[in-house]
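Residues per chain, in single letters:
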Amino acid sequence: MPFRICFVCLGNICRSPIAEAVMRALLAADGLTDEVQVSSAGTGDWHIGEGADERAVAVLARHGYDASAHRAQQMVADAFADNDLVIAMDRANLAALRKLAPAGEEGKLRLLRDFDPDAPGTDVPDPYYGGDEGFDEVLTMVERACHALLEQVRAELQRD
Ligand code: 4NP
């Protein structure tokens, strides 16, 4: 059974698809594609079935990542059982996930930037209503946190 990670934001069209694409690429570069499975979801239902925001797809493509196949889905309580880590992009997402989590599953929750030693406790800001530069900022934050997350996942895999 692979180790399973789900990234969660609000709409599942900007931040969490960026995190999913970055993490998938880092895992592939490390030869861990079969060992670790990544997905993403949103706490909201507005964009279910849609592709990622074109600004997210574009910033990813400029940096060599691919999110062209993304389809947005909503996080549901049952999905906790299907994941080892559920990683929120900001503190509002984390609060929503704490409410959604079935009893005993709260321990799977993390805040993405808690993995970044330079940014614990902080949010990946919602770029949806801003300009393109917000998407570049999100990608930089996500890359830093995902490199640190990869180290932790590697350590986790070695323990098993
Ligand atoms: P995301 O960004 O949570 O990073 O996917 C958003 C996308 C859509 C909305 C809000 C945030 N929205 O309100 O539709």
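Numbering of residues starts from 1 in each chain and follows the order in which that chain's sequence is written. For a predicted model such as this one, the threshold for reporting local features is a pLDDT of at least 70, and the threshold for listing and counting side-chain atom pairs is 80 or more; totals across whole chains, interfaces and linings nevertheless cover every residue. In computing side-chain properties, one takes all heavy atoms of the structure into account and sets aside hydrogens as well as water.

Enquirer: An account of the environment of Asp136 is needed here, citing residue identities and associated values.
Expert: For helices the rule is a DSSP run of H or I covering at least 4 residues; for strands it is a run of E covering at least 2, with both sets numbered from the N terminus onward. With respect to the element layout, Asp136 can be found in helix α4 (residues 132-159). Spatially, the C-alpha atoms of Asp136 and His63 are 9.8 Å apart, while their sequence positions differ by 73 residues. Whether two residues are in contact is decided by their heavy atoms, any of which lying within 4.5 Å being enough. With near-sequence residues (within four places) excluded, Asp136 lies in contact with Val59, Arg62 and His63.

Enquirer: Account for the nonpolar core, naming residues and giving values.
Expert: Take the buried residues of types Ala, Val, Leu, Ile, Met, Phe, Trp, Tyr and Cys, join any two whose side-chain atoms come within 4.5 Å, and each joined set is a nonpolar core. Whether a residue is buried, partly exposed or exposed follows from its accessible area with a 1.4 Å probe, protein chains only, as a fraction of its type maximum: under 20%, in between, or over 50%, in that order. One finds Ile5, Phe7, Ile18, Val22, Met23, Val142 and Leu149 to be the most contacted residues of the largest nonpolar core, which totals 39 residues. For this core, the element with the highest residue contribution is α4, accounting for eleven residues. For Val142, the residues in contact, after removing those within four places along its chain, are Ile18, Ala19, Val22, Met89 and Leu112.

Enquirer: Quick one: what's the story with the side chain of Ser40, residue by residue and with numbers?
Expert: Locating Ser40 in the fold gives a position in strand β2 (residues 36-42). For Ser40, the side chain forms a polar contact with the side chain of Glu20, separated by 2.7 Å. Those residues in contact with Ser40 that lie beyond four places of it in its chain are Cys6, Phe7, Asn12, Ser16, Pro17, Glu20, His70 and Gln73. Between N or O atoms, a polar contact is any pair within 3.5 Å; within protein, one atom must be a potential hydrogen donor and the other a potential acceptor, and residues adjacent in sequence are included only when both atoms are from side chains.

Enquirer: Pulling in residues and values, what's your account of the pattern of salt bridges?
Expert: Salt bridges are defined as contacts in which a side-chain nitrogen from Lys or Arg sits within 4 Å of a carboxyl oxygen from Asp or Glu. Inspection of the entire model under this criterion finds nine salt bridges. The salt bridge partner of Arg154 is Asp30, with a shortest N-O separation of 2.5 Å. A residue pair is termed long-range when its members are at least 10 positions apart, and Arg154 in helix α4 and Asp30 in the loop between α1 (15-29) and β2 qualify at 124 residues. Here Arg154 falls in the partly exposed class, since its relative accessible area comes to 27%. Owing to a relative accessible area of 33%, Asp30 belongs among the partly exposed residues under this scheme. Among the ionic pairs, Arg55 bridges to Asp53, the shortest N-O distance being 2.8 Å. With a relative accessible area of 11%, Asp53 lands in the buried category. A cluster of three or more residues bridged by salt bridges with shared partners is formed by Asp30, Glu151 and Arg154.

Enquirer: Could you give me a rundown of the side chain of Asp90, with the residues and numbers involved?
Expert: For Asp90, the location among the structural elements is in the loop between β3 (85-88) and α3 (91-100). By relative accessible area, which is 10% here, Asp90 ends up buried. Within polar-contact distance, the side chain of Asp90 engages the side chain of Arg15 at 2.8 Å. Sequence-distant contacts of Asp90, defined by excluding residues within four places in its chain, comprise Arg15, Leu111, Asp123 and Val124.

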